[in-house]
Every structure is written in structure tokens, then in C-alpha cells.
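Tertiary structure, described
This is what each chain is made of:
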Amino acid sequence: MSNIPFDPRPGLGLRPIINVSGTMTELGASIVSPEVVAAVSDILPHFVEISHLQRLASRQIAMSTGAQAGYITASSASALTLSVAACMTGSSLSEIEQLPDTQGMRSKVLLQMGHAIHYGASIEQTIRLSGAQVRLIGTATLASGYQLEAAIDDDTAAAVFVVSHHVVDHGQIGLPEFVEICHARNVAVIVDAASEYDLHGFLSAGADIVIYSAHKFLGGCTAGVVAGKLDLVRSMYLQNRGIGRGFKVGKESIVGSIAALRAWSTRDHIAVRAREAAAMQVWMELFAPLPGVQVAIEPDPTGNPLSRLRIQIDPASAGITAWDLADRLEQHSPPIIVRDHDVEQGFLVLDPCNLHPGQEHIVADAVIAICRAAMRSPESSRTLVERRAANAQSLLSWPD
Ligand SMILES: *Cc1c(COP(=O)(O)O)cnc(C)c1O
């Protein structure tokens, strides 16, 4: 465990959480890579010309993705708002200053209903923040090319396509068909690939703008990495004269994103994958004998080179529900935060991608101790409705 970095959290009064949830913004996103830490630390005391620093970022993004140009924003969410703004204003400075009033501009943005996700906030609201209106295509579970085609008119500014485990995984229009239909009518396609590892495929499929989060798999500081067509990327940059000002990104995030892209290109991805697989193997072997517990390795739903461990709980024989197990782990010392999106279906998920060396054993010991205790004395559990209500109450009572 000697390569776990110095931990300032106890001194700050912060709980030393272990993250087996994934790259969650609300947990601090990811382990920022050492190359990024060094690059950010080096630049902080110095002045830079941000326009030139962004030009260097553009070149790095072009090199890493094959795009014509690139740009760093505050986050993927802000990149979504700004890319839609760019599609509405082009490089007209007066229209950039006019937003979010879109009078005289094309202002309709198309989105498949099954892509109208919530990633901590609603993507529809993120698009509307630019002044645009969202036109949903199809139904939640079925959208077809003819519906997209029929929705395009003279007021259509852009179309947004989301790649994420959050989207409905069937019945949607695929990216190649989506692009073909939009491009036939001169509508730009913006791809939200915030959590995707693939830096080339969406551009190759014809996307005009692709958006990644620097602070997720890339291990950078909080930022959005935008790759795409030169004229649109330039228009995004120009939004700094308007609504982009509130999404301002500093030198640390731009330098950090450049360093993260460079580090990504030289990272030993095979070794990382092997480390993650070894952690899951430990968990598989130790959890398999627990009564009422079924474990399985599941591949990432959007095809990222990442697997996770699913722990299915049968409360009748385990003496505990999936959500109570998640909550007890969160109350454990040290606290362990699991992926609990699916607890209502009786399972929780462990994501090994943000573990420091050795932490897989702390996680294993905690799961086993909690399950054994529950078997000895099953406790009455909170219902899911009670759990949701308690979470909502805790949100609304912040900062108490
Ligand atoms: C995480 C995520 C976002 C938001 O990313 P930020 O960079 O934190 O704003 C948007 N879309 C998808 C699909 C995401 O996974």
C-alpha cells in the first residue's frame, strides 16, 4: 500500500472514502494521474495567454482524436450547452451576445427520447440553458429514422446523440443512421461521449462535435474535452464573449487536460485492465461462498474496456437487502461507496477502476463482515421508499 499517496482527508475533516462506484463527479471523479498533478502544479504560479494555451489544447486534441480542432470547457455539461450555442450562432459575435435570446436564429435541437437522460442533471435542461428548445424524437423505447427525418426543419440547429449506460439500450437510432439523416439536411451532430474511452470512433462515424469528460477515464482535472469540426469548435471558443463566460475554464484545467491526453496515449492499458481483473477475481472467490449472494463479472454496457462485479442479493437467505448492504458499506470505517443504481433490482455493483492498491481487500473484508453479521441476526430493513425519502431529506438539509 506504499504507493497510496499522502491522504489529507482526515486532517480536513473528510471521510476517507473508498470508491468502488466508478468515475462519479460527486465523489471527486477519478484518481488524477501523476503526470497531470505535476503539470498542473508547475503551471499554477505562472501567467499564460489562455487563447494560446487553448490553441495548444486544440492541437493535442486533434492529435489524440483525429479531429480538426479541439477545445477545453469547464465540464461535459458546459460543453453540451456551448456546442448547441455554437450551432445556433456560428461565429456571429452579435448573436453570441444575444443568447439566450435566440430570436432570428435556428434554435431547435433534436434528441431521441431514449437519450433524454439524467447524469446528475437533465441533459434537456443542459441543452435549453443555451436558449435552444429540445424536440424529442420517438418514444422512450422506440425511435426510428423517419421520425428524425420528419422532425428536421428550417429551425433545426443541431441534433444531440448520447453514448452512455444511462440511455435506453434498445430501439434507438444508431449513430451511423443518425448522422446520415442529419447530414443529408445539413444538421450538425453533437455526441455526448462523456464517459467513453473511444477517442476516435464517434468522429469516424461522422459526428461534428464529440464531448468527453477530462475528469473521468482520462484521469484529468475537472474539464470537458471537445473534439470536432474547426468552424464549430471556433464558435464554441467565441462563446466566451457571451454565455460561455460563466463556464470559464482556468489554466489548471487546460494544462491538466493536455497532460491527461498525453498520459492516456502512453498508459499501459493492458496492465490497468489486469489489475482491475485481479481485484474482481479476489472478490469473486471470497464472495461466492456467502449464502444468498451471487457474483458475476459484467462487461461495460457501452463497450468500454472495463468490467464490473455484480453482487446479486437474495434477502431471504442473505439476511440483508442489496440497498442495506450498500448503506452499511457507506457507514463502514473506512466508508465504501458502491454503485447502487440498480439496488431496486436486488443487486449492487463494484467498479474496480478507481481503486488504490490494496483497497480491494478492505472492500472484501467489509462485504464479508457485513454479510456474516446479517446472517447471524437479520435486521428489519428500510424500504426503498424510506431510503429515497431519507436521501432527499439529506439533500435538502445541506449544509447541516
Ligand atoms: C458524466 C456525464 C456527463 C456530465 O459530465 P461532466 O463533465 O461532469 O459535466 C454528461 N453526459 C454523460 C453521458 C455523462 O456520463
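Per chain, residues are indexed from 1 in the order of the written sequence. Totals for whole chains, interfaces and linings use all residues, but because this is a predicted model, local features are given only for residues with pLDDT of at least 70 and pairs of side-chain atoms are given and counted only at 80 or more. To obtain the side-chain values, all non-hydrogen atoms of the structure were used and water was disregarded.

Right, let's talk about the site of the ligand for a bit. What makes a residue near a molecule or strand is one non-hydrogen atom of that residue sitting within 4 Å of it. The environment of the ligand is made up of 13 residues, and the closest members are S76, A77, D192, S213 and K216. Taking D192, its side chain carries an N or O atom lying 2.6 Å from a nitrogen atom of the ligand. Pairs of N or O atoms are called polar contacts if they sit within 3.5 Å, as long as, within protein, a hydrogen donor faces a hydrogen acceptor (for residues adjacent in sequence, only side-chain-to-side-chain pairs). The separation between an oxygen atom of the ligand and a polar side-chain atom of K216 is 3.0 Å. Residue composition of the shell around the ligand, grouped by class: four nonpolar, seven polar and two charged. The residue classification treats Ala, Val, Leu, Ile, Met, Phe, Trp, Tyr, Cys and Pro as nonpolar and Asp, Glu, Lys and Arg as charged. All others, Gly included, are polar.

The assigned domain composition of the chain is domain 1 (9-27 + 268-396) and domain 2 (34-266). Source of the domain bounds: an automatic or database domain assignment. In this structure, domain 1 and domain 2 have C-alpha centres spaced 32 Å apart. Two residues qualify as a contact provided that any one of their heavy atoms is within 4.5 Å of a heavy atom in the partner residue. Contact residues are listed per partner, giving eleven residues for domain 1 and eleven residues for domain 2. Any Lys or Arg side-chain nitrogen found within 4 Å of a carboxyl oxygen on Asp or Glu counts as a salt bridge. Across the contact surface, domain 1 and domain 2 share zero salt bridges. Counting the contacts that link domain 1 with domain 2 gives five residue pairs in polar contact (both at pLDDT 80 or more).

Let's shift gears to the environment of K251. Helix numbering and strand numbering both begin at the N terminus, where a helix is a DSSP run of H or I of at least 4 residues and a strand a DSSP run of E of at least 2. Along the polypeptide, K251 turns up in helix α11 (residues 251-266). Here's how the labels work: a residue is buried when its accessible area is under 20% of the maximum for its type, exposed when over 50%, partly exposed in between, all with a 1.4 Å probe on protein chains only. With relative accessibility at 18%, the residue K251 sits in the buried group. For the pair K251 and M24, spaced 227 residues apart in the sequence, the C-alpha separation amounts to 23 Å. Ignoring sequence-local partners within four residues, the contact set of K251 consists of I43, L44, H46, V48, I50 and L53.

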